[in-house]
Amino acid sequence: MEYEFFGRICAARTLEEYAAHIIPFCRQTFAVQNVIALRYHRVGAPESLFQWVREPHLEALFDRDYHRFGYMLDPFYKLAFETQDWAVSALREIAPDRFETSEYFSSYLGATGLVDDVGFVARVNEETAIHLSLGRHSGTKRFRASEVARFRALSAVLVPGMLSVLGKPAKRDPQSHASVEHRFLKASREAGTEISTREAEVAALIVQGHSSRAIGLNLGISGHTVKVHRRNLYKKLGISSQSELFGLLTRQGGRS
């Protein structure tokens, strides 16, 4: 069966043909509830290349929130522009240390019922990358290590197959993109205050799901200094919790 599948993937001449083969194969082989392919841009929201989501309301949630702001907090988006070639991982392997207790996870991923996610990312050039994601939702179990290993082995064919049928990217408007840090800086100005660039960096790492220790390691500062920045950040923004900090980001999600 896999040899026939490989043959069809290699023979695909369009992205539509590729999707028509890979979606049913992944649904059957990995028992997933979604198969989503994206083109990431270093500047700007991602493009949907193709997708299958079993539950229509989850597809609507994904289309609404992920493309507005969710992608910027997705560990796969970060990985996409760190790898020089391609990489395969389960979400839990690349997520920040407090990812599953973050407001992003509970408010967005929790709403989708996501249980686990495995996928590949592959660089196209300096500005773009592709991502294929397989997701499992409520009522299912996480991917076993053997399943992740199998997907990794299959990706040796899936990645070049997808790259071979990839069309030209849609034109992007650089002005429509704002980093997480920029969005927090803008939110602070709208609140009549002015947080520092460092405080904005801390805010971005908090909502991504990093602990104070991990934030310190990322920024090259002590955990104590991180806590001072967090305290000052919350005071300036007039908030007292991570959920309120995340709320500022989501309100900025459709604006730059």
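Report on the accompanying structure. (Residues numbered from 1 in each chain as written. Predicted model: local features only at pLDDT ≥ 70, side-chain atom pairs only at ≥ 80, totals over all residues. Heavy atoms only, no water.)

### Observations regarding the layout of surface pockets
Its boundaries defined by the atoms lining it, the largest pocket holds a volume of some 520 Å³. Lining the largest pocket are 23 residues, and of these Met-72, Tyr-77, Lys-78, Glu-181 and Gln-208 lie nearest its centre. Contributing elements (two or more residues each) for the lining of the largest pocket: helix H4 (75–80), helix H8 (180–190), helix H9 (197–208) and helix H10 (212–219). Its residues placed into classes, the lining of the largest pocket shows 13 nonpolar, 5 polar and 5 charged. (1 Å grid on protein atoms, 1.4 Å probe; cavity = no way out; pocket = protein on both sides within 12 Å on 5 of 7 lines; lining within 4 Å. Points joined across faces, edges and corners; volume = space filled by probe spheres on them. Helix = DSSP H or I, 4+ residues; strand = E, 2+ residues; numbered from the N terminus. Nonpolar A, V, L, I, M, F, W, Y, C, P; charged D, E, K, R; others polar.)

### Overview of the packing of aromatic side chains
Per the stated rule, a full pass over the model turns up 12 aromatic pairs. Taken together, a centroid distance of 3.7 Å and an interplanar angle of 5° make the contact between Phe-5 and Phe-25 stacked. Within this pair, whereas Phe-5 is found in helix H1 (residues 2–11), its partner Phe-25 is found in helix H2 (residues 15–30), the two being separated by 20 residues in sequence. As far as burial versus exposure is concerned, Phe-5 and Phe-25 are alike and both buried. Aromatic pair Phe-120 and Phe-151: ring centres 6.2 Å apart, planes at 15°, arrangement stacked. Separated by 31 residues along the polypeptide, Phe-120 in strand E4 (residues 114–123) and Phe-151 in helix H7 (residues 145–164) bring together distant segments of the chain. Of the residues examined, Phe-151 reaches a relative accessible area of 0% and is grouped as buried. Site record: aromatic cluster; members linked through ring pairs are Phe-69, Phe-99, Tyr-104, Phe-105 and Phe-246. Here the guanidinium or amino end of Arg-27 rests over the ring plane of Trp-52, the centre of that ring lying 4.1 Å away. (Phe/Tyr/Trp six-rings, centres within 6.5 Å; stacked < 30°, edge-to-face > 60°. Buried < 20%, exposed > 50% of the residue type's maximum accessible area, 1.4 Å probe, protein only. Lys NZ or Arg CZ within 6 Å of the ring centre and 35° of its normal.)

### Topic: the pairing of strand E2 (residues 47–53)
Counting buried positions along E2 gives 5 out of 7 residues, so the element sits mostly inside the fold. Relative to E2, strand E1 (residues 34–41) runs antiparallel, the two being bridged by 6 bridges. Each residue of the ladder has a partner; that of Val-35, found in E2, is Trp-52. Two successive antiparallel strands, E1 and E2, enclose a turn made up of 5 residues, where Gly-44 displays a positive phi of approximately 115°. (Pairing = 2+ DSSP bridges.)

### Describing helix H11 (residues 223–237)
Over its 15 residues, H11 runs 21 Å from end to end, which matches the ideal 21 Å to within 8%, given 1.5 Å per residue. Listed in full, the buried residues belonging to H11 are Val-226, His-229, Leu-233, Tyr-234 and Leu-237. Down the axis of H11, the sector holding all buried residues measures 130°, keeping them to one side. Across from the buried face of H11, at angles greater than 90 degrees, the exposed residues are His-224, Lys-227, Arg-231 and Lys-235. In this structure, the buried side of H11 is in contact with H8, H9, H10 and helix H12 (242–251). Just past H11, the residue Gly-238 takes up positive phi, approximately 70°. (Expected span 1.5 Å × (residues − 1). Arc of directions from axis to C-beta. Contact = heavy atoms within 4.5 Å.)

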